[in-house]
Amino acid sequence: MRVNEDDLVLITDAARQAGALAMRYWRQAPKSWEKPGQGPVSEADLAVNALLHDLLLKTRPGYGWLSEEDADTPERLGAARLFVLDPIDGTRAFIAGEDTFAVSLAVVEQGIPVAGVVHLPALDRTYTAALAQGARKNDAPIRASGRAGVEGATLLTTGPNMAPEHWPGGVPDLKRSFRPSLAYRLCLVAEGRHDGMLTLRDAWEWDIAAGALIAAEAGATVTDRLGQPLRFNIAHPQAAGVIAAAPGLHAALLSRLGHG
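Residues numbered from 1 in each chain as written. Predicted model: local features only at pLDDT ≥ 70, side-chain atom pairs only at ≥ 80, totals over all residues. Heavy atoms only, no water.

Some words on unusual backbone geometry
Put simply, the rule is: We count a stretch as a helix when DSSP gives it H or I for four or more residues in a row; a strand needs E for two or more, and each element gets its number in order from the N terminus. For every residue, the accessible area (1.4 Å probe, protein chains only) is compared with the maximum for its type, and the residue is labelled buried under 20%, exposed over 50%, or partly exposed between those bounds.
Phi is positive for Ala-132, close to 65°, though the residue is something other than glycine. With respect to the helices and strands, Ala-132 occurs in the loop between β7 (125–130) and β8 (135–137). In this structure Ala-132 comes out as exposed when scored by relative accessible area, which is 70%. Backbone geometry places Asn-233, a non-glycine residue, at a positive phi of 60°. Residue placement: Asn-233 occurs in the loop between β14 (221–223) and β15 (238–239).

Listed below in structure tokens is the structure:
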């Protein structure tokens, strides 16, 4: 599989343009409403999605398309490459005026992300990676934590994920934190600011494709909640949860969850 370095340049530039557009709506009381069963969406999500659709598919007309804000179609399954994106990941935080929302954008080939960018415009942070070429934050190399065990580890996850019923070996003694954007959580693992992240709920591909590549390229182990490799551009575009962590911590989490 050959990485097209131009793709990473393209999506990084596109994510920054998208972030600039999102900032025009941020803290300006954008119109928003609930999508049944999927949470909130705002006029900013749709505007950013339209910008990215126009920019990316005009430049790469042969690529497929999978976005949270567009109806899914089976045509993408036959695409050799496709864009997988969430125009604004962390919409609820965005609407509330919080600064931890992100533009998440990846190029996927044969089920594997080959280029990814997660851009947080309000924080001026841009995480990027290309397959087998490492991960970077604002153009500086980043590396995941080297923590070997679970006790005392810092884990990005929700409170319900730490309920005793999920941990037959006992709830681990760790330090829990949270960020609204799933893509950002993966990037925080990539740069070693947290030792791992965990979501036991099924995760949409557009939330995790870019961040999963960035975390893996930074040295983290990234799988679904059962320890299986993540695959993308599947018929129902959801993964069975996500665990991304330092390799030793990842193994320990799986073991404590009963999947080691």
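Section: the layout of surface pockets
In this approach, a probe sized like a water molecule rolls over the atoms, and the result shows the empty space that is left. This is how the line gets drawn: A pocket here means an open set of points on a 1 Å grid, computed over the protein atoms alone, that has protein on both sides within 12 Å along at least five of seven lines. A cavity is instead a set of points where a 1.4 Å probe fits but cannot get out; residues with an atom within 4 Å of a point line either one. Grid points are joined across faces, edges and corners, and a volume is the space filled by probe spheres set on the points. Three classes are used, and their members are as follows: Ala, Val, Leu, Ile, Met, Phe, Trp, Tyr, Cys and Pro are nonpolar, Asp, Glu, Lys and Arg are charged, and the others, Gly among them, are polar.
By volume, the largest pocket is sized at about 820 Å³. Gln-38, Pro-180, Arg-185, Arg-201 and Asp-207 are the residues nearest the centre of the largest pocket, which is lined by 28 residues in total. Looking at the lining of the largest pocket residue by residue, the classes come out as ten nonpolar, ten polar and eight charged. Each pocket or cavity is described by its volume, and for the second largest pocket that value is around 150 Å³.

Brief notes about the pattern of salt bridges
Put simply, the test is: A side-chain nitrogen of Lys or Arg and a carboxyl oxygen of Asp or Glu constitute a salt bridge if their distance falls within 4 Å.
According to the stated counting rule, one finds twelve salt bridges in the structure shown. A salt bridge links Asp-195 to Arg-147; the nearest nitrogen and oxygen atoms lie 2.8 Å apart. Note that Asp-195 is positioned in the loop between α4 (182–190) and β12 (196–199) and Arg-147 in the loop between β9 (140–141) and β10 (154–156), a separation of 48 residues in sequence. Overlapping salt bridges bring together Asp-7, Arg-60, Arg-81 and Glu-109 as one network.

Re the packing of α4 against helix α5 (residues 205–217)
Keep this limit in mind: Think of each axis as a best-fit line through the C-alpha atoms, taken over the contacting stretch in the case of a helix, with angles from 0 to 180 degrees between the N-to-C directions. Comment on the angle field: the value is read as roughly parallel under 35 degrees, roughly antiparallel over 145, roughly perpendicular from 65 to 115, and oblique elsewhere. It only takes one pair of heavy atoms within 4.5 Å for two residues to be counted as in contact.
With their axes 8 Å apart at the nearest point, α4 and α5 run at an angle of 0° to one another. Taken together, α4 and α5 sit at an angle that is classed as roughly parallel. In this structure, α4 contributes Leu-182, Ala-183, Leu-186, Cys-187 and Ala-190 to the contact, and α5 contributes Asp-207, Ile-208, Gly-211, Ala-212, Ile-214 and Ala-215. Along the lines of polarity and charge, the residues of the contact of α4 with α5 split into nine nonpolar, one polar and one charged.

Some points on helix α1 (residues 5–25)
Heads up, the rule is: Expected helix span is computed as 1.5 Å times (number of residues minus one).
Spanning 21 residues, α1 covers 31 Å between terminal C-alpha atoms, matching the ideal 30 Å at 1.5 Å per step. If you check which residues of α1 are buried, you get Asp-7, Leu-8, Leu-10, Ile-11, Thr-12, Ala-14, Ala-15, Ala-18, Gly-19, Leu-21 and Ala-22. Those residues of α1 that are buried are in contact with α2 (43–59), β4 (81–89), α3 (91–95), β5 (102–109), β6 (112–120) and β7. Trailing α1 by a residue or two, Arg-27 shows a phi angle of about 60°, which is positive.

Digging into the sheet that holds β14
Cut-off, in case you're wondering: Paired strands, in this sense, are two strands between which DSSP finds at least two bridges.
Ordered in space as β11-β10-β12-β16-β14, the five strands form an open sheet in which the pairing is mixed. Either end of the sheet is taken by a strand with one partner, and the two such strands are β11 (175–177) and β14. Neighbouring strand axes in the sheet, compared pairwise and without regard to direction, differ in orientation by 20° on average. The pairing of β10 with β11 spans three bridges and is classified as parallel.

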